[in-house]
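Residues per chain, in single letters:
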Amino acid sequence: MKLKDAFFPWFGLDIGGTLVKLVYFEPKDITAEEEEEEVESLKSIRKYLTSNVAYGSTGIRDVHLELKDLTLCGRKGNLHFIRFPTHDMPAFIQMGRDKNFSSLHTVFCATGGGAYKFEQDFLTIGDLQLCKLDELDCLIKGILYIDSVGFNGRSQCYYFENPADCEKCQKLPFDLKNPYPLLLVNIGSGVSILAVYSKDNYKRVTGTSLGGGTFFGLCCLLTGCTTFEEALEMASRGDSTKVDKLVRDIYGGDYERFGLPGWAVASSFGNMMSKEKREAVSKEDLARATLITITNNIGSIARMCALNENINQVVFVGNFLRINTIAMRLLAYALDYWSKGQLKALFSEHEVSGVISCDMLTFIKGMLFTLC
Amino acid sequence: MAECGASGSGSSGDSLDKSITLPPDEIFRNLENAKRFAIDIGGSLTKLAYYSTVQHKVAKVRSFDHSGKDTEQDHEPPYEISVQEEVTARLHFVKFENTYIEACLDFIKDHLVNTETKVIQATGGGAYKFKDLIEEKLQLKVDKEDVMTCLIKGCNFVLKNIPHEAFVYQKDSDPEFRFQTNHPNIFPYLLVNIGSGVSIVKVETEDRFEWIGGSSIGGGTFWGLGALLTKTKKFDELLQLASRGQHTNVDMLVQDIYGGAHETLGLSGNLIASSFGKSATADQEFSKEDMAKSLLHMISNDIGQLACLYARLHCLDRVYFGGFFIRGHPVTMRTITYSINFFSKGEVQALFLRHEGYLGAIGAFLKGAEQDNPNQYSWGENYAGSSGLMSSSPELCPTQRARSGTFDLLEMDRLERPLVNLPLLLDPSSYVPDTVDLTDDALARKYWLTCFEEALDGVVKRAVASQPGSVDAAERAEKFRQKYWNKLQTLRHQPFAYGTLTVRSLLDTREHCLNEFNFPDPYSKVKQKDNGVALKCFQRVVSALDALDWEERQLALVKGLLAGNVFDWGAKAVSDVLESDPQFGFEEAKKKLQERPWLVDSYGKWLQRLKGPPHKCALIFADNSGVDVILGVFPFVRELLSRGTEVILACNSGPALNDVTYSESLIVAERIAAMDPVIHSALREERLLLVQTGSSSPCLDLSRLDKGLAVLVRERGADLVVIEGMGRAVHTNYHAALCCESLKLAVIKNSWLAERLGGQLFSVIFKYEVPAE
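This one's a predicted model, so the numbers in the text were calculated from it and none came from an experiment.

**Q** What is the right way to look at the overall build of chain A in this model?
**A** Helix and strand counts for chain A come out as 14 helices and 17 strands. Look at the contacts in chain A between residues 6 or more apart in sequence, and 66% of them connect residues 24 or more apart. Total accessible area on chain A is roughly 14,900 Å²; 49% of this is exposed by carbon and sulfur atoms.

**Q** Even after reading the chapter, I still don't get the overall build of chain B, so can you show me in this structure?
**A** Assigned secondary structure in chain B consists of 25 helices and 25 strands. Going through the 773 residues of chain B one by one, you find that 61% of them count as buried. Long-range contacts, defined as pairs at least 24 residues apart, comprise 74% of the intrachain contacts of chain B with a sequence gap of at least 6.

**Q** Honestly, the pairing of strand 16 (residues 313-317) of chain A in this entry has me stumped. Any pointers?
**A** All names here are of chain A. In terms of residue burial, strand 16 counts as a mostly covered element, since 5 of its 5 residues are buried. Sheet topology note: the strand 11 (residues 182-187)/strand 16 ladder contains 4 bridges and is parallel. Each bridged residue has a counterpart across the sheet, and for Val-185 the counterpart in strand 16 is Phe-316. Handedness of the strand 16-helix 12 (residues 325-338)-strand 17 (residues 344-348) crossover: right-handed.

**Q** Help me understand the domain arrangement of chain A, please; the structure alone is not making it clear to me.
**A** Interface extent is often summarised as the accessible area lost during association of the parts. With domains assigned, chain A is organised as domain 1 (10-138 + 354-364), domain 2 (157-242 + 282-348) and domain 3 (244-280). Here the C-alpha centroids of domain 1 of chain A and domain 2 of chain A sit 28 Å apart.

**Q** Would you mind showing me how to read the domain arrangement of chain B here?
**A** Residues and elements named next belong to chain B. Entries for chain B in the domain assignment read domain 1 (25-62 + 79-160 + 360-392 + 404-415), domain 2 (166-250 + 286-353), domain 3 (436-517) and domain 4 (523-769). Taking only C-alpha atoms, the centre of domain 1 and the centre of domain 3 are 26 Å apart. If you look at the interface, domain 1 gives 12 residues, while domain 3 gives 13 residues. Surface buried jointly by domain 1 and domain 3 totals about 1,100 Å² across both partners, of which 51% is contributed by carbon and sulfur atoms. Contact with domain 3 buries surface across domain 1, with Tyr-383, Ala-384 and Leu-389 losing the most and accounting together for 54% of the total. Between the two partners, domain 1 and domain 3, sit 1 salt bridge.

**Q** Mind showing me how you'd approach the interface of chain A and chain B here?
**A** Listed per partner, the contact involves 48 residues of chain A and 47 residues of chain B. Together, the buried faces of chain A and chain B total about 4,100 Å²; carbon and sulfur atoms form 66% of this surface. Run the count over chain A and chain B and you get 1 salt bridge. Salt-bridge contacts for Glu-309 of chain A lead to Arg-312 of chain B; the nearest nitrogen and oxygen are separated by 3.4 Å.

**Q** When you look at the packing of helix 4 (residues 147-161) of chain B against helix 11 (residues 359-368) of chain B in this model, what are you seeing that I'm missing?
**A** Axis angle and axis distance: for two packed helices, these are the angle between their axes and the distance between the axes, and together they describe the pair. Residues and elements named next belong to chain B. Put simply, helix 4 and helix 11 touch, their axes get as near as 6 Å, and they point 95° apart. As the angle between them shows, helix 4 and helix 11 are arranged roughly perpendicular. Counted together, Thr-149, Cys-150, Leu-151, Lys-153, Gly-154, Cys-155, Phe-157 and Val-158 of helix 4 and Leu-359, Gly-360, Ile-362, Gly-363, Ala-364, Leu-366 and Lys-367 of helix 11 form the full contact between these two elements. Of the residues assigned to the contact of helix 4 with helix 11, the class counts are 9 nonpolar, 4 polar and 2 charged.

**Q** How do you make sense of the confidence of the model for chain A when you look at a structure like this?
**A** Do not read the fine detail of predicted coordinates wherever pLDDT is low. All names here are of chain A. Per-residue confidence for chain A gives a mean pLDDT of 84; residues scoring 70 or more make up 88%. Across chain A, element-level confidence peaks in helix 11 (residues 283-309) with a mean pLDDT of 97 and bottoms out in helix 14 (residues 358-371) with 47. With pLDDT under 50 throughout, residues 351-360 is counted as low confidence; its partners more than four residues away or in other chains account for 50 contacts.

**Q** Please explain the packing of helix 7 (residues 212-223) of chain A against helix 11 of chain A as it appears in this structure.
**A** Residue and element names in this part refer to chain A. Across the interface, helix 7 lies against helix 11 with an axial gap of 9 Å and an inter-helix angle of 160°. Taken together, the axes of helix 7 and helix 11 lie roughly antiparallel to each other. The handedness of the crossing between helix 7 and helix 11 is right-handed. On helix 11, the residues touching Thr-214, Phe-215, Leu-218, Cys-219, Leu-222 and Thr-223 of helix 7 are Lys-283, Leu-286, Ala-287, Thr-290, Leu-291 and Ile-294. The residue inventory of the contact of helix 7 with helix 11, partitioned by class, reads 8 nonpolar, 3 polar and 1 charged.

**Q** Is there a simple way to think about the packing of aromatic side chains in this case?
**A** Given two aromatic rings, their pairing is described by the distance between the two centres and the angle made by the two planes. Evaluated as defined, the whole model comprises 51 aromatic pairs over all chains. Ring centres 5.1 Å apart and planes at 80° place the aromatic pair Phe-235 of chain B and Phe-324 of chain B in the edge-to-face group. Here Phe-235 of chain B, found in helix 6 (residues 235-244), pairs with Phe-324 of chain B, found in the loop between strand 13 (318-322) and helix 10 (330-344); they are 89 residues apart in sequence, far enough to count as distant. Given the relative accessible area of 4%, Phe-235 of chain B is considered buried. The class of Phe-324 of chain B is partly exposed, set by a relative accessible area of 24%. Three or more aromatic residues link up through ring pairs in this structure, and these residues are Phe-167, Tyr-169, Phe-177, Phe-179, Phe-321, Phe-352 and Phe-496 of chain B. In this arrangement the basic side chain of Lys-344 of chain A is found over the ring face of Tyr-159 of chain A, its NZ or CZ atom lying 4.4 Å from the centre.

**Q** It is not clear to me how the sheet that holds strand 5 (residues 141-144) of chain B should be interpreted in this structure. Could you clarify?
**A** The strands that make up a sheet are held in pairs by hydrogen bonds between backbone atoms, and each pair lies either parallel or antiparallel. All names here are of chain B. Taking strand neighbours across the sheet as the criterion, the 7 strands line up as 5-4-1-2-3-16-15 in an open arrangement whose pairing is mixed. Edge positions in the sheet fall to strand 5 and strand 15 (379-381), since each of these pairs with one other strand and no more. Taking the axes of each pair of neighbouring strands and ignoring which way they run, one obtains an average angle of 30° across the sheet. Running over the sheet, helix 3 (residues 131-138) touches strand 1 (35-41), strand 4 (119-123) and strand 5 and is turned about 140° from strand 5.

**Q** Can you walk me through helix 13 (residues 473-493) of chain B in this structure?
**A** Every α-helix winds through 3.6 residues per turn, so residues three or four apart in the chain are directed the same way. Residues and elements named next belong to chain B. Compared with the 30 Å implied by 1.5 Å per residue over 21 residues, the 30 Å span of helix 13 between its first and last C-alpha is a close match. Taken as a whole, helix 13 has its buried residues at Ala-473, Arg-476, Ala-477, Phe-480, Tyr-484, Lys-487, Leu-488, Thr-490 and Leu-491. Buried residues of helix 13, viewed axially, fall in a sector of 160°; they line one side. Summarising the geometry of helix 13, the exposed residues directed more than 90 degrees from the buried face are Glu-475 and His-493.

**Q** Just checking my understanding: could you explain the pattern of salt bridges for this structure?
**A** Should the charged atoms of two oppositely charged side chains come close, the side chains can pair. All names here are of chain B. Evaluation of the coordinates by the stated rule reveals 57 salt bridges over all chains. The closest approach of N and O atoms between Glu-453 and Arg-492, which form a salt bridge, is 3.0 Å. Here Glu-453 is found in helix 12 (residues 442-466), whereas its partner Arg-492 is found in helix 13, with 39 residues between them in sequence. Judged by its relative accessible area of 29%, Arg-492 is partly exposed. The shortest N-O distance in the salt bridge between Arg-638 and Asp-676 comes to 2.6 Å. Highlighted residues: Arg-638 in helix 20 (residues 627-642) and Asp-676 in the loop between helix 21 (662-675) and helix 22 (677-684), separated in sequence by 38 residues.

**Q** Which parts of the structure should I look at to understand the side chain of Ser-268 of chain A?
**A** As for its placement among the helices and strands, Ser-268 of chain A is situated in the loop between strand 15 (265-267) and helix 10 (275-279). A distance of 2.5 Å separates polar atoms of two side chains, one belonging to Ser-268 of chain A and the other to Ser-216 of chain B. The residues touching Ser-268 of chain A, leaving out its near neighbours within four places in the chain, are Asp-244 and Thr-293 of chain A together with Ser-216, Ile-217, Gly-220 and Thr-221 of chain B.

**Q** I tried to follow the sheet that holds strand 13 of chain B on my own but got confused; where do I start?
**A** All names here are of chain B. Read from one edge of the open sheet, 7 strands run 7-6-14-13-8-9-10, paired in mixed fashion. Of all the strands in the sheet, just strand 7 (177-179) and strand 10 (209-215) have a single pairing partner and so form its edges. Here the strands of the sheet are splayed against their neighbours by 35° on average, with no regard to which way each runs. Here 3 bridges tie strand 6 (residues 166-169) to strand 7, and the two strands are oriented antiparallel to one another. Of the residues in strand 7, the one forming a bridge with Phe-167 is Phe-179. Where helix 9 (residues 288-313) meets the sheet, its contacts fall on strand 8 (189-194), strand 9 (198-203), strand 10 and strand 13, and the angle it forms with strand 8 comes to roughly 155°.

**Q** For this particular structure, what's the right way to read the pairing of strand 25 (residues 763-769) of chain B?
**A** Each regular strand displays side chains that alternate between the two surfaces of the sheet. Residues and elements named next belong to chain B. Counting buried residues along strand 25, 6 of its 7 residues qualify, which places the element largely inside the surrounding structure. Relative to strand 25, strand 18 (residues 600-601) runs parallel, the two sharing 2 bridges. Within strand 25, the residue paired with Asp-601 across the bridge is Phe-766. In this structure, strand 24 (residues 741-748) lies alongside strand 25, joined through 7 bridges in antiparallel fashion. Residue pairing across strands places Val-747 opposite Val-764, the latter belonging to strand 25.

**Q** Sorry if this is basic, but what is going on with the nonpolar core here?
**A** A general trend in soluble globular proteins is that nonpolar side chains are found buried together. Counting 101 residues, the largest nonpolar core has Val-185, Phe-316 and Phe-320 of chain A together with Phe-222, Phe-321, Phe-325 and Ile-336 of chain B as the members making the most contacts within it. The leading source of residues in this core is helix 9 of chain B, at 13 residues. Among all residues touching Phe-325 of chain B, those that are not within four sequence positions of it are Ile-194, Gly-219, Phe-222, Phe-235, Leu-296, Ile-299, Ser-300, Ile-303, Thr-332 and Ile-336 of chain B. If you look at the next biggest cluster of nonpolar residues, it comprises 54 residues, including Phe-538, Val-566, Trp-606 and Leu-610 of chain B.

How each quantity is defined
Every chain begins its residue count from 1, and numbering advances along the sequence as written. Note on labels: chains are lettered from A, ligands numbered from 1, in written order. Owing to the predicted nature of the model, reporting of local features is limited to residues with pLDDT of at least 70; listing and counting of side-chain atom pairs is limited to 80 or more, with chain, interface and lining totals taken over all residues. Hydrogens and water molecules were not included; the side-chain quantities draw on all heavy atoms of the structure. Secondary structure follows DSSP: runs of H or I at least 4 residues long count as helices, runs of E at least 2 residues long count as strands, and numbering of each begins at the N terminus. By the convention used here, residues are in contact when the closest approach between their heavy atoms is within 4.5 Å. Using a 1.4 Å probe, accessible areas were evaluated by the Shrake-Rupley method; residue-level cover was limited to the displayed protein chains. Each residue gets one of three labels from its accessible area relative to the maximum for its type: buried under 20%, exposed over 50%, partly exposed in between, using a 1.4 Å probe on protein chains only. Here, a strand pair is defined by DSSP locating no fewer than two bridges between the strands. With its strands directed away from the observer, a crossover is right-handed exactly when the path from the first strand over the helix to the second travels clockwise. Each domain's extent was defined by an automatic or database domain assignment. Note on definitions: buried area is the accessible-area loss of two parts on being combined, 1.4 Å probe, summed for both. Every case where a carboxyl oxygen of Asp or Glu lies within 4 Å of a side-chain nitrogen of Lys or Arg is listed as a salt bridge. For helices, the fitted axis covers only the stretch in contact; all axes are lines through C-alpha atoms, and the angles between them, taken along N-to-C directions, range from 0 to 180 degrees. Each angle gets one of four labels, with under 35 degrees taken as roughly parallel, over 145 as roughly antiparallel, 65 to 115 as roughly perpendicular, and the rest as oblique. Under the grouping applied here, Gly and all other residues not named as nonpolar or charged are polar, the nonpolar ones being Ala, Val, Leu, Ile, Met, Phe, Trp, Tyr, Cys and Pro and the charged ones Asp, Glu, Lys and Arg. Predictor confidence is given residue by residue as pLDDT, running from a minimum of 0 to a maximum of 100. Each crossing gets its handedness from the near helix: less than a right angle anticlockwise from the far helix is left-handed, clockwise is right-handed. In this scheme Phe, Tyr and Trp rings, the latter by its six-membered ring, pair at centre separations within 6.5 Å, and the angle between planes marks the pair as stacked below 30 degrees, edge-to-face above 60, and tilted otherwise. Note on geometry: a ring has a charge over it if NZ (lysine) or CZ (arginine) is within 6 Å of the ring centre and within 35 degrees of the ring normal. By definition here, a helix of n residues has an expected span of 1.5 Å times n minus one. Note that the arc is computed from the directions linking the helix axis to the C-beta atoms. In protein, a polar contact means a hydrogen-donor-capable atom and an acceptor-capable atom, both N or O and within 3.5 Å, with residues adjacent in sequence counting only if both atoms are side-chain atoms; elsewhere, any N or O pair within 3.5 Å suffices. Side-chain atoms within 4.5 Å link the members of a nonpolar core, which is a set of buried Ala, Val, Leu, Ile, Met, Phe, Trp, Tyr and Cys residues.

Next comes the structure, spelled out in structure tokens:
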């Protein structure tokens, strides 16, 4: 089935471990004839999605990410980005049943692990057949696609100059004109690392379970926070050096024998071995340390993969980086420092400007590729 | 193994317990002769190293002065034996809880008598903290050494000097510990030290190493984060929590994301997709155990992954893990091993070290002792003076007291001469001396442990009898019995305690224990008598052989070798006969031998070979003294010499059972030379050379032989190796592959073993092997 032949509404779902990302293509070139034929339920869906920015208690539309006047398979329209927690999936499916989605004969494109996990529920409860797309395919194609269309007229890829310096740190556009080879680090609940050699030639190099889910999960346990935003907000106010043991805490300065700078973290949470120090830290400090720990580790694994694969541009994407400038700057700095300037950390505008993940963008392209 | 009287306050070492009394002679042994101290103070354990000289009684043999005498008296023994004091060097390492540091320092101060030592090398995180205390107590200047340099020096030292130092850990297999044979070239390797953080060091040579990376997620993260999450303060307790937990309650697994579909997708549903991922989405309480387990997995997996990435980047496949996170903890060895296997897909092996906890102390000691050139010597682990692996682990040895209060010891003897590989080994890196791994073979283990237990009475009796003039012989022998008995019991429960358990290690442990209580050579008098009797028969045996035609003689020589080998006090069946019937003769022995075809019989092939050109040079490892060496080996040597083959006769450097020692062999050869012109001229012309093996074991490890022997073997171009006796050719080296012809012969003097090999008591092994072209 081709998308252009498919009936509206055009939906796409990326069902991750923590978050569901929904994209909705709102056609803006509907002819009078079409409008007349459009059934009531379709109209109401379009209206419901485009006129609200929040759905239920947990669904959120990221208005500022909206891609306007996009041409998709010959149709012009706007692309909307909506997210909600994965644990609300059953409610979403129930809504699809209540709104009688199945009568619209549309195609539900879905990717992510949840596309498999919830496939049966979509079918039995919602009478909906999912069109499952490979997650990694979607990711790669999405990145390349978004880079080619740009972000509402601006460049999509960015890097940081002077990431460690609050004053001088600058976000600068990066033209990914020679995208290959590139290492793609997708930080969702966990982390996947892909080496991309061409549009169709890529491999999953490795992954780590220490990802966004770990940051948020540990923050919940350590600070009692309840949202990712809250965790990041606390982290922004904390001081991780009270929690972590630095090289200088052990050696009094740099460890010259090994060329280790005094500011480097020698042991994450290392100070917490001591009772006194445990009593002296704030929740904010703990949140910050958790963020630094997870981010540094991802940077370190990414750097090793880049070296092993002989790739020097590393693109970091994923939900973890949403409104997470601290992590992005740290990744940029760590990659640059430990590789002595050999590696460049690149980010996608969608994370830089906040809110939603690239997964979603990826997915649009996945949709195009598979269906057009 | 030894413990002190009071229990400690735990591993955090907050308070110093002064009330303990240390059993002096057990823990800090030989302090009165100690010099060169080094100390490694970690977060919870202190490791003290010192060097001492040990006075040993040794049995020396010396030829009588025969000048002026033409004939000797019949009643006279062939040589005289005297017991002398000998001084050997020993390294002592003692590991104890930081809690006891003050008490230990006091004890050392009180017992340190004759030391000219002025400084103490110190390393480890606690070196700074305790600097003043050490300087005040011991009146020694503390010299701080770099932690990592010490660690690597120590690591090189144990890898070079201690067989079976490294092992692989497999939790659910039996045995859990799989010891590695020491690679002839230990470099290059990767050392991953997991202390509070992780350091990854590439070691290329003795002096060259490079920090190639690290990670801040290490033992401190487990401890610190674990303490925050579970309110549990101690590291050991956190590990115990973790071993009881279910990480799947906290971690988001692949199956949590994919549902049941992971199977059809070929994904492993149990893989962790996001550590602590469930604690982010669910509004619930999590158990301490589950969180600790999740944390353990998170950290172990992460370290394993990074280690694999570094190993791959530097093309290394040997990765040793150490640091307090690993030390003695089956839980962490298991998770690290899992992680390494997973991330390297089996290409990299996670290796652990038996003496990992001592590396820093060993290294610091070596730094301080550089002027003594300790690296020029070979060292041997003393089984009598060392605690076994896991001696202090409550997890593996629940009957023992909790960790705190337990002292762990390692002693290493300096060997008089450096040991190297036999140059004739086909592949030194894959050579395994021992035929049966008793850690692997439970049935054999039970048999041999029982066998050694049952033989203990006889050994004690013989030890006492060997020193009739000594007033305390009975007392010392009793101590020996207790010590060896305890070792055997430890090995019953922890066969892995000293590396791979083998018949050889059981024999060696017994020798070490005997030496410990000053029974250096219980068989010296027996050997003296046997040699005397056999020497008298030599000429008769040789003339009888010479009277035979060539083909008959070859068989008779081989039979003589085998018959001689029946005389072995080490084998129970034989020692029983010898004890009751000392007249048991050479001819009698021949009758006992199995008729051809033997159990393993390649005599035909050997005979064919003898019809061909002579060998250039034969290396012969002799076994027992008396009939064996004199009436079995020497006639055989004589025949080889007559064929134009040079012979290197290798005997043990030190005594073991009734095995002929190098110094005894010199006298025996001299006596035979006086009777026999063939031997006489061969000795004079250096076509027959007597060398020492460097060993004092009834078995034979071809990877640890005297360097002089190896040099000679190379110089003379040895092309035949003859290994004789059960200990050397059956318990060890039965499967040894050499790059030249070899002859392994033995008489099976143990009915259990004979049965196992499909034969009967006194079955004959005659294994002639020619390497494939």
